[in-house]
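# Fold and contact review
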Amino acid sequence: MEMVSWMRAAWVVMVVVGGVGGVGGQRLLNIGGIFPIGGSDGWQGGQACQPAAMLAMDDVNKRPDLLPGYTLHLAWNDSLCEPGLGAAVMYDLLYNPPTKLMLLGGCSTVCTTIGEAAKMWNLVVLSYGSSSPALSDRQRFPTFFRTHPSATVHNPTRIRVMQKYNWSRVAIIQQAEEVFISTVEDLEVRCKDAGIEIVTRQSFLTDPTDAVRNLKRQDARIIVGLFYVSAARRVLCEIYKNHLYGKSYVWLLIGWYEDNWFENHLQEENVNCTKEEMREAAEGHLTTEALMWNKDNEKTISGMTAGDFRLRLNQALIDRGYENQSTPVGYQEAPLAYDAIWSVALALNKTMERLAAVNKSIEEFTYTNKEIAAELYKAMNATQFLGVSGRVAFSTDGDRIAWTQVEQMIDGRYHKLGYFHVQTDNLTWFNREQWQGGKVPQDRTIVRRQLRTVSLGLFISMCTISAVGAVWALLLLVFTFVHRDRRLIQLSHPACNNITLVGIVICLGSIFLLGLDGQFVNQQQFPTVCGLRAWCLSLGFTLAYGAMFSKIWRVHRLTTKTKIENKRVEPWKLYVMVGSLVVVDVIVLSVWQAVDPLQRKLEEFPLEKPLDAVEDIKIKPELEHCESKYSTIWLGLLYGYKGLLLIFGLFLAYETRSIKLKQINDSRLVGMSIYNVVVLCLITAPVTLVISTQQDASFAFVSLAIIFCCFLSMALVFVPKIVETIRHPGERVESTGDTAPSKEEEERYQKLIHENEEMQRLIAEKEEKIRLLKLKLQERAALRSREQQQQQLLSSENHVVGMDSSHQMRLRQISGDSQKDTVALLSADIELYYGSGRPAVRIVTPDPSSAGDHAMVPRINFDISESYL
């Protein structure tokens with residue numbers, strides 16, 4: 001027995017001397033530390049956390065009641081927050097003596113590596129700076145604890161802040177790191193449970209440019225940002241460039257950055273923004289962070305208050321060369337590193353007590369000793385104390401149970417807005433927030449629906465014109481009734497004219513229905529208005545155009561009948577044709593209304609920004625349409641048969657363009673009206689489909705087309721009757737029994753008209769020839785006159801002396817006769833007369849034998865035509 005005891009004692013001495021070691025007679029308890037201090041990516045929080053840990057080592061070793069007989073020793077190295085280098089540091093610590101009882105970890109990426117591997121050495125890992133939610137997985141990380149709360153502890157706080165301000169639409173931008181991916185997944189679940197919509201989720205690896213631009217495209221207003229501080233600076237610069245800051249935006253960022261993080265290391269990291277621009281973009285953003293400093297001014301387990309620790313930490317940082325206390329990364333997490341050392345010391349102390357009760361020592365720990373490792377795990381899991389970071393305790397998943405706080409940057413400095421405790425769901429709020437513009441930003445652009453309606457001035461103008469037209473049509477009805485006994489009115493079939501006027505009144509009334517929209521009728525009444533529009537337009541067109549069509553149809557039929565057929569115009573046939581067209585309309589419209597009635601359908605347009613809006617609003621224009629499920633089929637049916645009717649009417653009007661019947665004395669005017677209707681309908685139908693989204697243009701175009709059709713039709717058909725009535729006020733009807741001419745008579749009449757036109761053409765040609773002859777005669781007379789003058793001049797120059805007086809008299813006589821002939825020709829008249837039934841021309845000149853100068857005698861006679869008149 002003594003031999004066994006001696007051998008055990010000898011083994012302990014060997015362990016103490018060779019494995020555990022001692023300083024100044026104290027035996028060492030070694031732990032390994034991995035601190036992210038250098039590097040450019042990730043979190044370099046070891047810059048402040050390592051000095052804080054060393055302060056804790058000094059304080060722990062000064063406590064005589066804690067770890068009696070032992071000195072806690074920390075062997076550490078820099079991981080640069082790189083997983084590969086962190087694993088190498090861990091292996092170096094573990095494979096080099098002395099044996100490490102526990103490990104301290106830094107950033108999440110490194111802790112993910114060492115936390116998953118530590119179970120192979122039965123080591124408890126305690127982290128002071130990892131927030132990845134993935135580290136809460138006990139299956140994957142069975143021996144992992146952390147004084148830094150999980151990043152998911154921020155999500156309940158974020159949800160409460162969103163609910164406080166009634167934000168139900170948020171966006172997320174994250175760095176592509178596991179810690180942030182896990183946090184976002186947890187946030188998405190919590191947002192869904194709270195009824196908050198995540199409008200977009202953007203991620204980036206190194207360059208956030210495209211991700212920030214996508215946020216702007218999605219109209220994100222409340223944005224949660226999850227990234228390390230170096231990436232946060234790049235994101236903030238892009239926020240400034242894309243104007244995603246100010247009174248319309250709220251950014252919820254991570255709160256464990258140093259206070260002036262947005263102004264530091266800009267040149268080193270090649271951030272293309274100035275400090276002033278970064279400060280402007282950062283103004284007003286919110287942060288959520290676990291409470292890392294004890295908010296109560298009370299003494300902690302170390303005998304210091306949080307304020308005392310801050311003073312000691314600041315001095316330690318100054319001694320290390322930091323001029324400003326917020327300069328080193330990890331300053332906010334420094335209390336967590338300090339309390340982590342105290343957690344290790346308390347866990348080791350409790351483990352030593354339990355091992356002593358079973359006659360065992362902590363010095364017996366090896367990497368294969370599961371029994372002591374289990375005791376260390378239990379001790380760490382049960383650790384609770386008041387530290388400089390607040391109440392330190394761990395959940396069953398090894399996560400820190402902590403309060404979270406919300407801060408806002410106001411005038412370049414962070415101000416606390418409140419605290420939230422996850423377990424009690426208690427939100428303590430100080431109401432210190434300040435919003436630009438004095439209003440809480442909205443979670444989205446306020447979209448105000450604006451119904452596009454016909455402008456009131458246009459509606460009144462068109463209705464006034466249509467009302468004038470309707471009154472004019474009614475006056476024409478009165479005119480037709482008053483003068484119904486006149487031959488002119490009787491032979492134009494006034495009943496058909498009246499039907500046309502009734503159709504015109506209905507068409508003009510449909511303009512009022514076309515202008516009725518949401519500003520006059522509600523949604524329940526709008527389908528009724530839609531139905532009335534279809535009925536009025538269809539029936540009005542059928543009555544107005546159908547009556548004119550029946551007239552032109554009868555004219556065509558009468559001119560194609562043979563002589564033995566009855567040429568009387570029977571009015572009932574005209575009415576039957578119009579009635580048939582009306583029946584077709586009624587059947588189609590009734591079936592349409594019963595099977596597939598017209599309903600109110602809204603067409604939405606892109607958002608528009610109001611010109612005079614002070615609030616952050618956008619206008620969403622909407623336009624009402626009358627549509628049914630199969631409206632295309634029904635409209636095609638109506639347009640199809642009415643289009644054929646228009647084309648056929650145009651053909652008949654062209655065929656009868658030169659026919660004038662006294663039985664239907666206004667057939668030509670009716671044909672002109674049909675031209676007018678067809679042309680306007682063919683233009684209006686396609687144009688209306690193109691401009692259907694422009695309510696004013698569409699209403700104006702359709703209304704003017706209806707008005708022009710109606711006014712021109714009334715003017716063409718009725719104005720000549722009014723003028724004729726005014727010119728012959730006493731004319732009465734003489735006979736109503738006239739029959740139409742036979743086909744032979746009509747052909748003879750057409751032949752005579754043709755011959756008359758031909759004779760007129762020949763006469764015009766002969767008159768032109770006569771005019772040319774007169775010109776030639778005048779030229780010839782003028783030429784003779786000039787020759788005589790020349791002869792007289794020669795006679796005077798070649799005067800022969802001795803010429804007797806008789807010769808001189810004869811010369812003057814001859815000269816005088818020539819002059820008379822010239823005068824006679826110039827004074828001649830040309831007459832056109834008929835001789836023996838043939839046209840002839842006579843040229844008469846003054847009679848020289850008559851006493852007066854005006855007596856005329858015929859000189860030339862000739863015929864100009866051989867045609868029979």
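For the structure itself, look to the data block above.
Presented here is an overview of the structure given in this document.

Parameters at a glance
- Residues numbered from 1 in each chain as written.
- Predicted model: local features only at pLDDT ≥ 70, side-chain atom pairs only at ≥ 80, totals over all residues.
- Heavy atoms only, no water.
- Helix = DSSP H or I, 4+ residues; strand = E, 2+ residues; numbered from the N terminus.
- Buried < 20%, exposed > 50% of the residue type's maximum accessible area, 1.4 Å probe, protein only.
- Areas by Shrake-Rupley, 256 points an atom, 1.4 Å probe, with all protein chains shown as cover.
- Core = buried A, V, L, I, M, F, W, Y, C linked by side-chain atoms within 4.5 Å.
- Contact = heavy atoms within 4.5 Å.
- Pairing = 2+ DSSP bridges.
- Axes fitted to C-alpha atoms, helices over the stretch in contact; angles between N-to-C directions.
- Left-handed = near helix turned anticlockwise from the far one by under 90°.
- Nonpolar A, V, L, I, M, F, W, Y, C, P; charged D, E, K, R; others polar.
- Disulfide = S-S within 2.5 Å.
- Polar contact = N/O pair within 3.5 Å; in protein donor to acceptor, adjacent residues only side chain to side chain.
- 1 Å grid on protein atoms, 1.4 Å probe; cavity = no way out; pocket = protein on both sides within 12 Å on 5 of 7 lines; lining within 4 Å.
- Points joined across faces, edges and corners; volume = space filled by probe spheres on them.
- Phe/Tyr/Trp six-rings, centres within 6.5 Å; stacked < 30°, edge-to-face > 60°.
- Lys NZ or Arg CZ within 6 Å of the ring centre and 35° of its normal.

## Some words on the overall build of the chain
Tallying secondary structure elements over the chain gives 22 helices and 22 strands in all. Buried residues in the chain amount to 46% of all 869 residues. Carbon and sulfur atoms provide 56% of the accessible area of the chain, an area that totals close to 43600 Å².

## Things to note about the nonpolar core
Generally speaking, nonpolar side chains in soluble globular proteins are found buried as a group. Among the nonpolar cores identified, the biggest contains 137 residues, and Leu67, Leu72, Leu348 and Ile362 are the most heavily contacted of them. Examining the composition of this core, we find that 13 residues originate from one element, helix 11 (residues 334–357), more than from any other. When residues no more than four places from it in sequence are discounted, the contact partners of Leu67 are Leu29, Val60, Leu72, Ala345, Leu348, Asn349 and Met352. One finds Ala473, Leu516, Val588 and Leu598 within the second-largest nonpolar core, a separate group that totals 39 residues.

## Some words on the sheet that holds strand 17 (residues 446–452)
Within the open sheet, the three strands sit side by side as 17-19-18. Their pairing is mixed. Across the chains shown, the open sheet's two edge strands, defined by having one partner strand only, are strand 17 and strand 18 (599–604). Between one strand axis and the next, the sheet turns through 35° on average, direction left out of account. Of the pairings in the sheet, the one linking strand 17 to strand 19 (residues 617–627) comprises seven bridges and is parallel in character. From the neighbouring strand, Arg449 faces strand 19, where its bridge partner is Lys620.

## Some words on the packing of helix 2 (residues 46–62) against helix 11
Look at helix 2 against helix 11: their axes get within 7 Å of each other, and the N-to-C directions meet at 35°. By crossing handedness, the relation of helix 2 to helix 11 is classed as right-handed. Contacts between helix 2 and helix 11 involve Ala48, Cys49, Ala52, Ala53, Leu55, Ala56, Met57, Asp59 and Val60 from the former and Ala334, Ala337, Tyr338, Ile341, Trp342 and Ala345 from the latter. Split by residue class, the contact of helix 2 with helix 11 holds 14 nonpolar, no polar and one charged.

## Some thoughts on the state of the cysteines
Overall, the coordinates contain three disulfides when judged by the stated rule. Note on cysteine connectivity: Cys237 is disulfide-linked to Cys273, with sulfurs 1.9 Å apart. Residues Cys237 and Cys273 are joined through a disulfide that is right-handed, its torsion about the S-S bond being 80°. Remark: Cys273 occurs in the loop between strand 10 (250–254) and helix 9 (275–282) and Cys237 occurs in helix 8 (residues 229–241); sequence separation between them is 36 residues. Judged on exposure class, the residue Cys237 and its partner Cys273 are both buried.

## Focus on unusual backbone geometry
With omega at 5°, the peptide bond leading from Pro97 into Pro98 counts as cis. Structurally, Pro98 can be placed in the loop between helix 3 (83–95) and strand 4 (102–105). Positive phi, close to 65°, is recorded for Asn359, a residue that is not glycine. The backbone phi angle of Asp411 is positive, close to 55°, even though this residue is not glycine. Secondary-structure assignment places Asp411 in the loop between strand 14 (403–410) and strand 15 (413–421). Classification of Asp411 by relative accessible area gives exposed; the value is 67%.

## Describing helix 4 (residues 108–117)
Where burial is concerned, most of helix 4 is hidden: eight out of the 10 residues are buried. For helix 4, the complete set of buried residues consists of Ser108, Thr109, Val110, Cys111, Thr112, Ile114, Gly115 and Ala117.

## Looking at the sheet that holds strand 7 (residues 169–175)
Read from one edge of the open sheet, eight strands run 8-7-9-10-11-14-15-16, paired in mixed fashion. Both edges of this open sheet fall to strand 8 (197–204) and strand 16 (426–429), since each of them pairs with a single strand only. Pairwise comparison of adjacent strand axes, ignoring direction, gives a mean angle of 25° for this sheet. Direction of pairing for strand 10 relative to strand 11 (residues 286–290): parallel, over a ladder of three bridges. Bridging from a neighbouring strand, Ile254 pairs with Thr288 of strand 11.

## Remarks on the environment of Tyr338
Mapping Tyr338 onto the fold places it in helix 11. Since its relative accessible area comes to 1%, Tyr338 is described here as buried. Sequence separation of Tyr338 and Thr147 is 191 residues, and the distance between their C-alpha atoms is 9.6 Å. In this view, Tyr338 contacts Ala52, Leu55, Ala56, Asp59, Ser302, Met304, Phe309 and Val388; residues no more than four positions away in its chain are not counted. Only 3.4 Å separates the side chain of Tyr338 from the side chain of Ser302, close enough to count as a polar contact.

## Re empty space enclosed by the protein
Here the structure, examined in full by the defined rule, presents four cavities of 30 Å³ or more. In this structure, the largest cavity occupies an estimated 70 Å³ of space. Contributing to the lining of the largest cavity are Ser131, Ala151, His154, Arg158, Val179, Phe180, Thr183, Leu226, Ile254 and Trp256. Counting only elements with at least two residues in the lining of the largest cavity, the list comes to helix 5 (154–164) and helix 6 (178–194). Among the elements that line the lining of the largest cavity, the one with the most residues is helix 6, at three residues. Here the lining of the largest cavity is built from residues that sort into six nonpolar, three polar and one charged.

## Points about the packing of aromatic side chains
In the structure shown here, the tally under the stated rule is 30 aromatic pairs. With a centroid separation of 6.2 Å and 85° between ring planes, the pair formed by Tyr95 and Trp121 is classed as edge-to-face. With Tyr95 in helix 3 and Trp121 in the loop between helix 4 and strand 5 (124–127), this pair connects stretches of sequence that are 26 residues apart. Owing to a relative accessible area of 14%, Trp121 belongs among the buried residues under this scheme. By the ring-pair criterion, three or more aromatic residues cluster together here, those being Phe541, Tyr545, Phe549, Phe648 and Phe651. Above the plane of the ring of Trp293 lies Arg310, whose end atom (NZ or CZ) is 3.9 Å from the centre. In this structure, Lys721 is placed above the aromatic ring of Phe718, and the distance from its NZ or CZ to the ring centre is 6.0 Å.

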